[in-house]
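Overview (structure and organization)
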Amino acid sequence: MSEPHTRRAVVTGIGVVAPNGTSTETFWKATREGISVLDRVTREGCEHLPLRVAGEIRDFDPPSAVEERYLVQTDRFTHFAMAAADLAIDEAGLNRSDSDASPFSVGVVTAAGSGGGEFGQRELQQLWDKGSRYVGPYQSIAWFYAASTGQISIRRGFKGPCGVVAADEAGGLDALAHAARAVRRGTDVLVAGATEAPLAPYSVVCQLGYDELSTEDVPECAYRPFTSAACGFVPAEGGAMLVVEAETSARDRGAPARATLAGHAATFTGPSRWQQSREGLAQAVRGALEEAGCAPEEIDVVFADALGVPEADRAEALAIADALGAHGRRVPVTAPKTAIGRGYCAAPVLDVAAAVLAMEHGVIPPTPNVHDVCHDLDLVTTHARVAELRTALVLSRGLMGSNSALVLRRGATDASR
């Protein structure tokens, strides 16, 4: 096992804007209780499209969350990111006006897979309908994957190292790993995470090319991974932002370390090659365990990728067993995203938020709408399960072939570990 890093990255703040809650508290309450909010797509312009069910956010008011000058420059996915970042920053007590720290000590990193599709579609419609003079100047930046990173850093005055992971779903975990490594290299604080807004008509049309997308029209049946009725996944909007901070910085500020980002690894096995993803995901898990200095039997819960495609689900179940050995068939596994849908890069970050909250509360949230599990997994279904949780493993795979694994430990890591 590798030696522990001298600068540990801990989570001190969580901000969530999700279909089942637009605050961390409401998100956790719904997640813990297994409340499914999947429903028929209501977004204007999507009525005639084959996608019938998704995880929409219906109680988010952008003007109340984002100042007008930023609102007009940005797409819905960035509105979510700015709002979630505010929640995380407030929860962490990271107020720049009350700190003597340099603005260069705080950076931002986000992940995005779809970018600003709603903003881009609106401006292109203006171009087609009225001409180029009616296309706003912010079209050049609002759609771009890096928009959320840029706008959060500008709005908050953060001048530390910033970046963006433009990737498929696993990029959400990769962004958190990027933040953790920036902390280890000397940056005090990173605001990190991912949000997505993939439910504009243009964005939905692009997703219809995915064979893995579910077109089932009954919400309770549209996304049921690890079952014999698995028929694909449904998309979701929203996401989460975390404050990732050096453990020493958090201690100096008096901010509690809620979890440690202990280890991460990523691999690539190619688009929709789900059988091969077994080996790639297992290798990512082994790498994450090694970086965390964690034995397989120390994992107390697994937050699964849970694609909802039979071949992919089987590969994931086998990968867990391959990487964790006999423990992989006994460890509790959960996929709370079946309540809200898969938000692409945002999905695993929401899983990380849920994992931190699960460790804090000693409760494994259930996997809604899933009952007849047909794989060799101890999948938590129907009701939450009380458990002593010290270490969690979060898994993610992307449709384009990325595999990623992240090990979290509850609170601050013991320096003697």
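Each value, and the rule that gives it
Throughout, a residue's number is its position along its own chain's written sequence, starting from 1. With the structure being a predicted model, the display of local features is reserved for residues of pLDDT at least 70 and the display and counting of side-chain atom pairs for 80 or more, all residues being used for whole-chain, interface and lining totals. Side-chain figures throughout are based on the complete set of non-hydrogen atoms in the structure, without hydrogens or water. UniProt positions are given in the numbering used here, feature names are shortened, and annotations may be inferred rather than shown by experiment. We define a nonpolar core as any set of buried Ala, Val, Leu, Ile, Met, Phe, Trp, Tyr and Cys residues linked to one another through side-chain atoms lying within 4.5 Å. The cut-offs for exposure are 20% and 50% of the maximum accessible area for each residue type, with area from a 1.4 Å probe on protein chains only; residues under the lower value are buried, those over the upper are exposed, and the others partly exposed. Where helices and strands are cited, they refer to DSSP runs of H or I of at least four residues and of E of at least two residues respectively, numbered from the N terminus. Contacts were defined at the residue level, with two residues in contact if any of their heavy atoms lie within 4.5 Å. Strands pair, by our definition, only if DSSP identifies at least two bridges between them. Geometry is summarised by axes, namely lines fitted to C-alpha atoms with helices restricted to the contacting stretch, and by angles between N-to-C directions that run from 0 to 180 degrees. Note on definitions: salt bridges are taken to be side-chain nitrogens of Lys or Arg within 4 Å of carboxyl oxygens of Asp or Glu. Patch members must show over 30% relative accessible area and no salt bridge, and they are joined within 9 Å when carrying like charges or within 5 Å when they are nonpolar side chains of Val, Leu, Ile, Met, Phe, Trp or Tyr. A 1.4 Å probe and the Shrake-Rupley method give the accessible areas. Residues count as covered only by the protein chains that appear here. Two helices that cross are described as forming a left-handed crossing if the nearer one is turned anticlockwise from the farther one by less than a right angle, and a right-handed crossing if clockwise. Residue type decides the class: Asp, Glu, Lys and Arg count as charged, Ala, Val, Leu, Ile, Met, Phe, Trp, Tyr, Cys and Pro as nonpolar, and the leftover types, Gly among them, as polar. Counting of polar contacts relies on pairs of N or O atoms within 3.5 Å, with two restrictions inside protein: one atom must be capable of donating a hydrogen and the other of accepting it, and residues adjacent in sequence are counted only when both atoms are side-chain atoms. Pairing of aromatic rings covers Phe, Tyr and Trp, the last through its six-membered ring, and needs centres within 6.5 Å; plane angles under 30 degrees mean stacked, over 60 mean edge-to-face, and all others mean tilted. In this analysis the charged atom, NZ for Lys or CZ for Arg, is taken to sit over a ring once it is within 6 Å of the ring centre and within 35 degrees of the ring normal.

- In the annotation of an unreviewed UniProt entry, the entry for the protein reads Ketosynthase chain-length factor, and the organism field reads Streptomyces heilongjiangensis.
- A UniProt comment under Sequence similarities (unreviewed entry) is attached to the protein, and it reads "Belongs to the thiolase-like superfamily. Beta-ketoacyl-ACP synthases family."

**As for the nonpolar core**
- The biggest cluster of nonpolar side chains holds 50 residues, and the ones touching the most others in it are Ile14, Val16, Phe27, Val244, Val352 and Leu408.
- Broken down by element, this core gets its largest block of residues, 11 residues, from helix H13 (residues 346–361).
- Among all residues touching Val16, those that are not within four sequence positions of it are Gly21, Thr22, Ser23, Thr24, Phe27, Ala84, Leu87, Gly239, Ala240, Leu350 and Ala353.
- Residues Ala222, Val302, Val333 and Val370 belong to the second largest nonpolar core, which totals 49 residues.

**Overview of the sheet that holds strand S9 (residues 301–303)**
- Taken in spatial order, the 11 strands make up an open sheet running S5-S4-S6-S7-S1-S8-S15-S14-S9-S10-S12, and their pairing is mixed. The sheet terminates laterally at strand S5 (162–166) and strand S12 (378–379), the two strands that pair on one side only.
- Bridging between strand S10 (residues 332–334) and S12 involves two bridges; their strand directions are parallel. Note that in S12 the partner of Pro332 across the bridge is Asp378.
- Where helix H7 (residues 147–156) meets the sheet, it contacts strand S4 (106–112), S5, strand S6 (189–196) and strand S7 (238–246), and its direction lies at approximately 155° from that of S4.

**A short note on H7**
- With seven of 10 residues buried, H7 lies mostly within the body of the structure.
- Residues of H7 that are buried include every one of Ala147, Ser148, Thr149, Gln151, Ile152, Ser153 and Arg155, and no others.
- Looking one or two residues beyond H7, the residue adopting positive phi is Gly157, at roughly 75°.

**Some words on the pattern of salt bridges**
- Per the stated rule, a full pass over the model turns up 27 salt bridges.
- Put simply, Asp376 and Arg329 hold a salt bridge, and the shortest N to O gap is 2.9 Å. Within this pair, whereas Asp376 is found in the loop between strand S11 (363–364) and S12, its partner Arg329 is found in the loop between helix H12 (310–324) and S10, the two being separated by 47 residues in sequence.
- Residue Asp376 is classed as partly exposed on the basis of its relative accessible area of 49%.
- Its relative accessible area of 44% is what places Arg329 among the partly exposed residues.
- Linked by salt bridges that have partners in common, Glu169, Asp305, Glu316, Arg342 and Arg397 make up one network.

**Here we look at the pairing of strand S1 (residues 9–17)**
- With nine of its nine residues buried, S1 lies for the most part within the structure.
- In the sheet, S1 pairs with S7 via eight bridges, with the strands oriented antiparallel. Opposite Val16, over in S7, you have Ala240 as the bridge partner.
- For S1 and strand S8 (residues 259–268), the ladder comprises two bridges, and the chain directions are antiparallel. Note on S8: the bridge partner recorded for Val10 is Thr260.

**Here we look at a nonpolar patch on the surface**
- Together, Val72, Tyr138 and Ile141 make up an exposed nonpolar region whose accessible area comes to about 230 Å².
- When you line up the elements, Val72 lands in the loop between helix H3 (68–71) and helix H4 (76–92).

**So, the packing of helix H11 (residues 274–292) against H12**
- It is the contact of H11 with H12, at a shortest axis distance of 8 Å, that shows an interaxial angle of 35°. Crossing angle aside, the handedness with which H11 passes H12 is right-handed. Contacts between H11 and H12 involve Trp274, Gln275, Ser277, Arg278, Leu281, Ala282, Val285, Arg286 and Leu289 from the first element and Glu311, Ala312, Ala315, Glu316, Leu318, Ala319, Asp322, Ala323 and Leu324 from the second.
- Residues of the contact of H11 with H12, tallied by class, amount to 11 nonpolar, two polar and five charged.

**As for the side chain of Thr149**
- Turning to its location among the elements, Thr149 is positioned in helix H7.
- Accessibility expressed as a relative area gives 6% for Thr149, which makes it buried.
- Separated by 2.9 Å, the side chain of Thr149 and the backbone oxygen of Gly163 make a polar contact.
- When sequence neighbours within four positions are dropped, the list of residues in contact with Thr149 reads Val108, Val109, Thr110, Cys162, Gly163 and Val164.

**Concerning the packing of aromatic side chains**
- Inspection of every chain in the model, using the stated rule, returns six aromatic pairs.
- Ring centres of Trp143 and Phe144 lie 5.4 Å apart, and the angle between their planes is 70°; on these two criteria the pair is classed as edge-to-face.
- The exposure class assigned to Trp143 is partly exposed, which follows from its relative accessible area of 36%.
- The exposure class assigned to Phe144 is partly exposed, which follows from its relative accessible area of 40%.
- Each ring, one from Phe233 and one from Tyr344, has its centre 5.9 Å from the other, and the planes form 90°; the classification is edge-to-face. Residue Phe233 is located in the loop between helix H9 (201–207) and S7, and its partner Tyr344 is located in the loop between S10 and H13; the two are separated by 111 residues in the primary sequence.
- Here Phe233 falls in the buried class, since its relative accessible area comes to 2%.
- Given the relative accessible area of 11%, Tyr344 is considered buried.
- Through a chain of ring-to-ring contacts, three or more aromatic side chains come together here, namely Trp143, Phe144 and Tyr145.
- Seen from the ring of Phe233, Arg342 lies directly overhead, with NZ or CZ sitting 5.7 Å from the centre.

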